[in-house]
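Listed below, chain by chain, are the residues.
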Amino acid sequence: MTAGTPSPLFNHSYVSSSVLANIATNKFDLAIPFNRQERIWKAASLELNSKQMANAVIKGADRFKPLYNLLCDQLRQEKVVHMDETPFQVLDSGKSRSYFWVVRTPKEFANHQIALFHYAPTRSGKVISDVLTSDYSGAVMCDGYGGYSQERLPESIFGSCLIHIRRLFIELVKGLKLKDDAPATKAVKLLSRVFHCENNLQYQTPAEKKAQRQKLVKPLLDAFYTFIEGISNPMHRLRNAIKNAVKLKSRVYQIFEIGELPLSNNAVEQSIRPRPSSAKTVCSRNPQLVPKPTRFSTRSFRLPS
């Protein structure tokens, strides 16, 4: 008895499942455009042009819908998620900017390591509830964008990325001629102590991390806020940096209530970083590819058991 011949991924096509996996990895993970991949496949004695590869990726995406839906369900069960968005241009779309929205689990304490990519032609806060659903009741680590709010996620708690807060002070310091005694310089130094302490905490569980933060990190963060709130008559960009930090203070302090909540949004930004350059070529070749939100791209580092 012999096993039956496996059904092809696409009829009358050179593109097998392994070939498609390589095309997608090259394109979306390594940012290798389809026209450059033509030379790679030709060297392997496989004649594939960029149009064939683009069509295979578009058609193949439908095969991943069940996996995508599974990952969405798993992610929405997590106690904490990261979320961020980044602009990119879709040529011939009539819009100057479109957006990748990315949600991922934290690198610590998550049940599964998952990152989901969602295309939207807008930065509207509605996209946030579209991705996470309005009944998500976990904590969201994000930046200071106003779309991340209880209006969209009424059951959620929001953290705020301390690196984004620090960035405004760092930009100020870079433009100063006399840096040593400047308030912005001291603010950056105070925040550096917070990050250094956080990176050297000793813990095994979220509860232990929370206790260590309350004991060691909180006094340092208190010192930062006491300092900036005590600056008299800050001017221009310094005033804006202080205003931003104070506005987000209650969100930043959620790290002392939720041990699983990270101090920054770096994990999701690292997931985003390679994507816009690779997405631009796909979208410019076929602008009709992207109006199907939530199906555009997914990435899982470890599948749930």
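What this report covers is the structure whose coordinates are included nearby. All of these numbers come straight from a predicted model, not from anything done at the bench. (Residues numbered from 1 in each chain as written. Predicted model: local features only at pLDDT ≥ 70, side-chain atom pairs only at ≥ 80, totals over all residues. Heavy atoms only, no water.)

## Considerations on the overall build of the chain
What the chain contains, in helices and strands, is twelve helices and six strands. A buried classification covers 47% of the 305 residues belonging to the chain. A separation of at least 24 residues holds for 63% of the contacts in the chain among residues at least 6 apart in sequence. Within the structure as shown, the chain displays about 16300 Å² of accessible surface, and the carbon and sulfur contribution to it stands at 50%. (Helix = DSSP H or I, 4+ residues; strand = E, 2+ residues; numbered from the N terminus. Buried < 20%, exposed > 50% of the residue type's maximum accessible area, 1.4 Å probe, protein only. Contact = heavy atoms within 4.5 Å. Areas by Shrake-Rupley, 256 points an atom, 1.4 Å probe, with all protein chains shown as cover.)

## Section: the layout of surface pockets
For the second largest pocket, the calculated volume is near 400 Å³. In terms of lining, the second largest pocket is formed by 19 residues, of which the most central are E108, K209, P262, L263 and S264. Of all the secondary-structure elements, those providing two or more residues to the lining of the second largest pocket are α7 (183–199), α8 (206–229) and α11 (266–272). When grouped by side-chain class, the residues that make up the lining of the second largest pocket number eight nonpolar, five polar and six charged. (1 Å grid on protein atoms, 1.4 Å probe; cavity = no way out; pocket = protein on both sides within 12 Å on 5 of 7 lines; lining within 4 Å. Points joined across faces, edges and corners; volume = space filled by probe spheres on them. Nonpolar A, V, L, I, M, F, W, Y, C, P; charged D, E, K, R; others polar.)

## Things to note about helix α1 (residues 17–29)
In this model, α1 (13 residues) spans 17 Å end to end at C-alpha, consistent with the 18 Å of a helix rising 1.5 Å per residue. Within α1, the full set of buried residues consists of V19, L20, I23, N26, K27 and F28. Two residues or fewer past α1, A31 is found with a positive phi of approximately 60 degrees. (Expected span 1.5 Å × (residues − 1).)

## Some thoughts on the nonpolar core
As a rule of thumb, nonpolar side chains are buried together in soluble globular proteins. L162, I165, F169, L221, F224, Y225 and I228 are the most contacted members of the largest nonpolar core, which has 37 residues in total. Elements that contribute at least two residues to this core include exactly β4 (139–141), α6 (162–174), α7, α8 and α9 (236–247). Counting residues per element, this core draws most heavily on α7, at eight residues. If we skip the residues at most four places from it in the chain, L221 touches L162, L191, V194, V252, Y253 and F256. Counting residues in each nonpolar core, the second largest holds 23 residues, with Y68, W101, V140 and F158 among its members. (Core = buried A, V, L, I, M, F, W, Y, C linked by side-chain atoms within 4.5 Å.)

## Section: the pattern of salt bridges
Taken as a whole, this structure holds nine salt bridges when the rule is applied. The closest approach of N and O atoms between K65 and D62, which form a salt bridge, is 3.5 Å. Relative accessible area serves as the criterion here: at 32%, K65 is assigned to the partly exposed category. Among the residues examined, D62 registers a relative accessible area of 40% and is labelled partly exposed. The partner of R213 in a salt bridge is E198, with the nearest N and O atoms 2.7 Å apart. With a gap of 15 residues between them, R213 in helix α8 and E198 in helix α7 connect regions that are remote in the sequence. A single network of salt bridges, built from pairs that share partners, joins E108, E198, K209 and R213. (Salt bridge = Lys/Arg side-chain N within 4 Å of Asp/Glu carboxyl O.)

## Regarding the packing of helix α2 (residues 34–43) against helix α3 (residues 50–61)
Contact pair α2 / α3: the axes reach a minimum separation of 8 Å and the direction vectors enclose 105 degrees. Classified by the angle between their axes, α2 and α3 sit roughly perpendicular to one another. Residues F34, N35, Q37, E38 and W41 of α2 form the contact with α3, whose own contacting residues are S50, M53, A54 and V57. (Axes fitted to C-alpha atoms, helices over the stretch in contact; angles between N-to-C directions. Parallel < 35°, antiparallel > 145°, perpendicular 65-115°, else oblique.)

## Side note on the pairing of strand β1 (residues 80–88)
Burial within β1 is extensive, with eight of its nine residues counted as buried. As judged from the three bridges shared by β1 and β4, these two strands associate in the parallel manner. The residue of β4 that forms the bridge with V80 is A139. In this sheet, strand β2 (residues 98–104) lies alongside β1 in antiparallel orientation, the contact comprising seven bridges. By the bridge assignment for β2, T86 is matched with F100. (Pairing = 2+ DSSP bridges.)

## A word on the pairing of strand β3 (residues 114–120)
Of all seven residues in β3, seven are buried, a share of seventy percent or more. Side chains of β3 alternate between two faces, with I114, L116, H118 and A120 and A115, F117 and Y119 buried alike. Pairing analysis gives six bridges linking β2 to β3, with the strands arranged antiparallel. Looking across to β3, one finds that W101 is bridged to H118.

## Some details on the packing of aromatic side chains
Counted by the stated rule, this structure contains ten aromatic pairs. With centroids separated by 6.3 Å and ring planes inclined at 85 degrees, the aromatic side chains of F100 and F117 adopt a geometry described as edge-to-face. Within this pair, whereas F100 is found in strand β2, its partner F117 is found in strand β3, the two being separated by 17 residues in sequence. With a centroid separation of 5.3 Å and an interplanar angle of 70 degrees, the aromatic rings of Y253 and F256 are classed as edge-to-face. A relative accessible area of 2% places F256 in the buried class. Sitting over the face of the ring of F34, K27 holds its NZ or CZ atom 5.1 Å from the ring centroid. The ring of Y145 carries R123 above its face, with NZ or CZ at 3.9 Å from the centroid. (Phe/Tyr/Trp six-rings, centres within 6.5 Å; stacked < 30°, edge-to-face > 60°. Lys NZ or Arg CZ within 6 Å of the ring centre and 35° of its normal.)

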